[in-house]
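Remarks on the overall topology
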Amino acid sequence: MSQESATRYPLVLVPGMLGFIRLVLYPYWYGIISALRRGGATVIAVQVSPLNSCEVRGEQLLIRIEEILRETGAAKVNLIGHSQGALTARYAAAKRPDWVASVTSVAGPNHGSELADYLHIHYPGNSPLGRVLTLVVRMIGALMSFLETGYRGPKLPVDIHASHQSLTSAGVALFNRQYPQGLPDTWGGHGAEVVNGVRYYSWSGTLQPGKTDRGRNLFDGTNRTCRLFAKTFVHEAGHCDGMVGRYSSHLGTVIGDEYPLDHFDIVNQSLGLVGKGAEPIRLFVEHAQRLKMAGV
Ligand code: CA
């Protein structure tokens with residue numbers, strides 16, 4: 001077996017909102033875990049509350065990290081979070097930098113999501129449509145936790161309101177004031193490479209007509225959903241992946257922010273159906289090599 005991705009510390013993958021480890025047989029990190037393991041990495045996908053605040057999810061992640069350190073004998077972990085999983089990982093690293101060698105944000109709304117802002121303004125929780133939307137999300141969450149087969153632990157609490165607030169620009173701004181580690185000082189800039197001994201990285205994609213809406217994405221409904229959601233963006237209109245803006249995703253060393261990947265493509269969803277010329281798995285493998293080179 002190759003050792004090119006054999007990082008010193010385990011790679012711990014943290015999912016986003018409505019995330020999972022495995023629905024029946026279907027994994028969240030489609031094709032990614034096996035690719036990393038082929039390169040010699042120890043990879044562990046974790047589950048946290050699919051619908052809750054970054055702080056509640058972050059506390060759950062800390063409990064899981066402590067277990068992983070005990071089980072593997074490793075001194076630290078490398079956290080890789082997709083979407084809200086990035087903020088969840090940032091929380092854990094801010095609280096226990098001694099347990100975390102690196103935090104990598106993959107399409108993380110590190111400065112909030114304009115989609116969440118749009119829903120907050122147009123469908124507030126106390127409006128009739130807002131209540132319907134909350135009910136639909138609650139039902140999807142319940143169905144997904146029923147189908148989850150990769151998670152074995154206590155029942156995870158659900159708080160849809162907190163989940164939504166955690167992703168708005170205002171909600172993330174509050175979070176950032178308490179947990180600023182790795183954030184850029186200027187809009188669109190890079191953040192610090194290392195804070196409190198933790199290395200910070202990010203990458204993200206954007207919708208690119210002619211690329212992201214072509215190839216195998218022609219058969220993926222989630223790409224159409226991203227294109228619809230992208231219409232809610234104002235500040236980063238034309239520069240988002242459907243759920244997160246290009247600059248909003250910046251954290252630490254920005255590896256890239258214009259990969260032709262929508263918010264689902266970036267974790268090789270659905271079923272590896274991505275746009276023309278897109279290689280989301282390669283980004284994970286290359287990043288493991290980068291972490292290995294950095295000695296973590
Ligand atoms: Ca796709």
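The structure reproduced in this document is the subject of the present report.

Rules and cut-offs
Residues numbered from 1 in each chain as written. Predicted model: local features only at pLDDT ≥ 70, side-chain atom pairs only at ≥ 80, totals over all residues. Heavy atoms only, no water. Helix = DSSP H or I, 4+ residues; strand = E, 2+ residues; numbered from the N terminus. Buried < 20%, exposed > 50% of the residue type's maximum accessible area, 1.4 Å probe, protein only. Areas by Shrake-Rupley, 256 points an atom, 1.4 Å probe, with all protein chains shown as cover. Lys, Arg positive; Asp, Glu negative; His and termini not counted. Charge placed at Lys NZ, Arg CZ, Asp CG, Glu CD. Core = buried A, V, L, I, M, F, W, Y, C linked by side-chain atoms within 4.5 Å. Contact = heavy atoms within 4.5 Å. Patch = residues over 30% accessible without salt bridge, like charges linked within 9 Å, V, L, I, M, F, W, Y side chains within 5 Å. Salt bridge = Lys/Arg side-chain N within 4 Å of Asp/Glu carboxyl O. Expected span 1.5 Å × (residues − 1). Arc of directions from axis to C-beta. Donors = N, O, S within 2.8 Å, 3.2 Å for Na, K, Ca; no water. Phe/Tyr/Trp six-rings, centres within 6.5 Å; stacked < 30°, edge-to-face > 60°. Pairing = 2+ DSSP bridges. Right-handed = clockwise from strand over helix to strand, strands pointing away.

Points about the overall build of the chain
- The secondary structure content of the chain amounts to 9 helices and 9 strands.
- Its C-alpha atoms give the chain principal-axis dimensions of roughly 50 × 45 × 40 Å.
- Across the 296 residues of the chain, 56% fall into the buried class.
- Accessible surface computed for the chain: about 13,000 Å², of which carbon and sulfur atoms make up 59%.
- Charge separation in the chain, taken as the distance between the mean sites of 28 positive and 23 negative side-chain charges, equals 4 Å.

Some thoughts on the nonpolar core
- In this structure, Leu11, Trp29, Leu36, Val43, Ile266, Val267 and Phe284 are the most contacted members of the largest nonpolar core, which totals 33 residues.
- Only strand S1 (11-14), helix H1 (32-38), strand S4 (43-45), strand S6 (100-106), strand S8 (198-205) and helix H9 (280-293) provide two or more residues apiece to this core.
- Ranked by residues supplied to this core, first place goes to H9 with 5 residues.
- The residues contacting Phe284, other than those within four sequence positions of it, are Trp29, Ile32, Leu36, Ile80, Val106, Trp203, Ile266 and Val267.
- Core analysis: the second largest hydrophobic core is formed by 32 residues, Leu61, Leu62, Val77 and Tyr200 among them.

Observations concerning a nonpolar patch on the surface
- Judged by side-chain polarity, Val132, Val136 and Ile140 come together as a nonpolar surface patch covering roughly 220 Å² of accessible area.
- Structurally, Val132 is set in helix H5 (residues 128-147).
- On the basis of relative accessibility, which here comes to 47%, the residue Val132 falls in the partly exposed class.

Notes on unusual backbone geometry
- Of note, the bond from Gln269 into Ser270 is cis; its omega dihedral lies within 30 degrees of zero at -5°.
- Despite not being glycine, Ser83 shows a phi value in the positive range, around 55°.
- Residue Ser83 is classed as buried on the basis of its relative accessible area of 11%.
- Backbone geometry at Asn196 places phi at a positive 55°, although glycine is not the residue there.
- With respect to the helices and strands, Asn196 occurs in the loop between strand S7 (194-195) and S8.

Remarks on H5
- The terminal C-alpha atoms of H5, which comprises 20 residues, lie 29 Å apart, in line with the 28 Å expected from a rise of 1.5 Å per residue.
- Buried within H5 are the following residues: Gly130, Val137, Gly141 and Met144. Down the axis of H5, the sector holding all buried residues measures 65°, keeping them to one side. Opposite its buried face, H5 presents the exposed residues Pro128, Arg131, Met139 and Phe146, each directed more than 90 degrees away.
- Those residues of H5 that are buried lie in contact with strand S2 (22-23) and helix H6 (160-165).

Brief notes about the coordination of the calcium ion
- Protein ligation of the calcium ion involves Asn217 (OD1), Asp220 (OD), Asp265 (OD), Gln269 (O) and Leu273 (O), the donor distances falling in the range 2.2 to 2.5 Å.
- The motif formed by the donor residues of the calcium ion, counted along the single chain, is N-x2-D-x44-D-x3-Q-x3-L. Here Gln269 lies in the loop between strand S9 (253-259) and H9 and Asp220 lies in the loop between S8 and helix H8 (221-230), a separation of 49 residues in the sequence.
- Classification of Asp220 as buried rests on a relative accessible area of 3%.

So, the side chain of Ser127
- Residue placement: Ser127 occurs in the loop between helix H4 (114-122) and H5.
- The class of Ser127 is buried, set by a relative accessible area of 17%.

Overview of the packing of aromatic side chains
- Counting across every chain of the model gives 9 aromatic pairs.
- Measuring from ring centre to ring centre gives 5.0 Å for Trp203 and Phe284, while their planes differ by 80°; the resulting arrangement is edge-to-face. You can see Trp203 sitting in strand S8 and its partner Phe284 sitting in helix H9, a full 81 residues away along the chain.
- The exposure class of Trp203 is buried, given its relative accessible area of 1%.

Brief notes about the pairing of S6
- By the criterion of burial, S6 is predominantly enclosed, with 7 of the 7 residues buried.
- As judged from the 6 bridges shared by strand S5 (residues 77-82) and S6, these two strands associate in the parallel manner. Its bridge partner being in S6, Ile80 is matched across the sheet by Thr104.
- Read as a crossover between parallel neighbours, the route from S5 over helix H3 (residues 84-95) to S6 is right-handed.

Some points on the environment of Ile44
- Checked against the element boundaries, Ile44 lands in strand S4.
- Judged by relative accessible area, which is 16%, Ile44 ranks as buried.
- Between the C-alpha atoms of Ile44 and Arg64, which are 20 residues apart in sequence, the distance is 10 Å.
- Every residue in contact with Ile44, bar those within four places of it in the chain, is listed here: Pro10, Leu11, Val12, Leu13, Arg64, Ile68 and Thr72.

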